[in-house]
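One-letter residues, chain by chain:
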Amino acid sequence: GASVPMLVHLFKGEIALGMAMTLVGSLIAPFTVVLLFYVLTKTVIHIDLLGLFQTMLLVTFLPLTVAQTIRKLNSTFVEKTQQYYSFFGIICICLIVFIAVSANAKEISQIPFTDLLLNVVWLYIVFGMLFLIGNFVIFWRDKSDRTTTAVAKTYMNNALAMGLAAAFFNPK
């Protein structure tokens, strides 16, 4: 969620549109994920919505609000340091992935290498398909809007998906 504006910036999209999509998507995700889970598996999952919204507040809304406040209050600082944002954002995303992988290192190490490689290949195929779908959903818009939609729809709510996977799927 919070990484979408940084990724949109990397892909030369519209940051404000990416932020708006992130905020709206984050607000409806807990409900749509539960509904989608039920439709696909006929299983009702119970989510602590208050806890989830508190977490989303901390990891999505708070960083976006702080960033926009800093941008409004000190635009000179933002302009001078903007060249470092992409690098800093990539480092943060790598750290998050590192933490998620290391927390599951024991389970991951039990997976045969060929199965792990196949899962990674499928993950990239799915991300590629989501990116293409996001790009063509609003085919009538200009390239930067299509890019923003593609990035937002591809990378939004990955943290929510990882959290639900950890909570509801036994790795064994």
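Keep in mind that this is a model prediction, so the values were computed, not measured.

### Quick word on the pattern of salt bridges
Should their charged atoms come close, side chains of opposite charge can pair. Tallying each qualifying case throughout the model produces 1 salt bridge. Between D145 and R141 there is a salt bridge, with the nearest N and O atoms lying 2.6 Å from each other. Of the residues examined, R141 reaches a relative accessible area of 41% and is grouped as partly exposed.

### A word on the packing of aromatic side chains
All chains considered together, the criterion is met by 2 aromatic pairs. Between F11 and F131, the aromatic rings sit 5.7 Å apart at their centres with planes inclined by 40°, giving tilted as the arrangement. Taken as a pair, F11 in the loop between α1 (4-10) and α2 (15-41) and F131 in helix α7 (residues 113-137) lie far apart in primary sequence, 120 residues in all. Between F139 and W140, the aromatic rings sit 5.3 Å apart at their centres with planes inclined by 85°, giving edge-to-face as the arrangement. Like F139, the residue W140 is exposed in the burial classification.

### As for the environment of N135
Here N135 is to be found in helix α7. Owing to a relative accessible area of 17%, N135 belongs among the buried residues under this scheme. Taking the C-alpha atoms as reference points, N135 and R146, 11 residues apart in sequence, are found 4.8 Å from one another.

### Remarks on unusual backbone geometry
With a phi close to 65°, K12 is a non-glycine residue in the positive phi region. Turning to its location among the elements, K12 is positioned in the loop between α1 and α2. Given a relative accessible area of 67%, K12 falls into the exposed group. Phi angles above zero are rare outside glycine, and K42 is one such case at about 55°. Among the secondary structure elements, K42 is positioned in the loop between α2 and α3 (49-73). For K42, a relative accessible area of 60% puts it in the exposed group.

### Looking at a nonpolar patch on the surface
Together, F113, L117, L118, V121, W122, I125, M129, I133 and V137 line one region of the surface with nonpolar side chains, adding up to about 900 Å² of accessible area. Tracing the chain through its elements places V121 in helix α7.

### Describing the environment of D48
Mapping D48 onto the fold places it in the loop between α2 and α3. Here D48 falls in the exposed class, since its relative accessible area comes to 54%. Separated by 18 residues in sequence, D48 and P30 place their C-alpha atoms 9.6 Å apart.

### Some details on the nonpolar core
Among the nonpolar cores identified, the biggest contains 8 residues, and these are V4, M6, L7, V8, M21, V151, A152 and M156. When residues of this core are traced back to their parent elements, those giving at least two are α1 and α8 (143-155). When residues of this core are assigned to their parent elements, the largest contribution, 4 residues, is made by α1.

Rules used in this analysis
Residues numbered from 1 in each chain as written. Predicted model: local features only at pLDDT ≥ 70, side-chain atom pairs only at ≥ 80, totals over all residues. Heavy atoms only, no water. Salt bridge = Lys/Arg side-chain N within 4 Å of Asp/Glu carboxyl O. Buried < 20%, exposed > 50% of the residue type's maximum accessible area, 1.4 Å probe, protein only. Phe/Tyr/Trp six-rings, centres within 6.5 Å; stacked < 30°, edge-to-face > 60°. Helix = DSSP H or I, 4+ residues; strand = E, 2+ residues; numbered from the N terminus. Patch = residues over 30% accessible without salt bridge, like charges linked within 9 Å, V, L, I, M, F, W, Y side chains within 5 Å. Areas by Shrake-Rupley, 256 points an atom, 1.4 Å probe, with all protein chains shown as cover. Core = buried A, V, L, I, M, F, W, Y, C linked by side-chain atoms within 4.5 Å.

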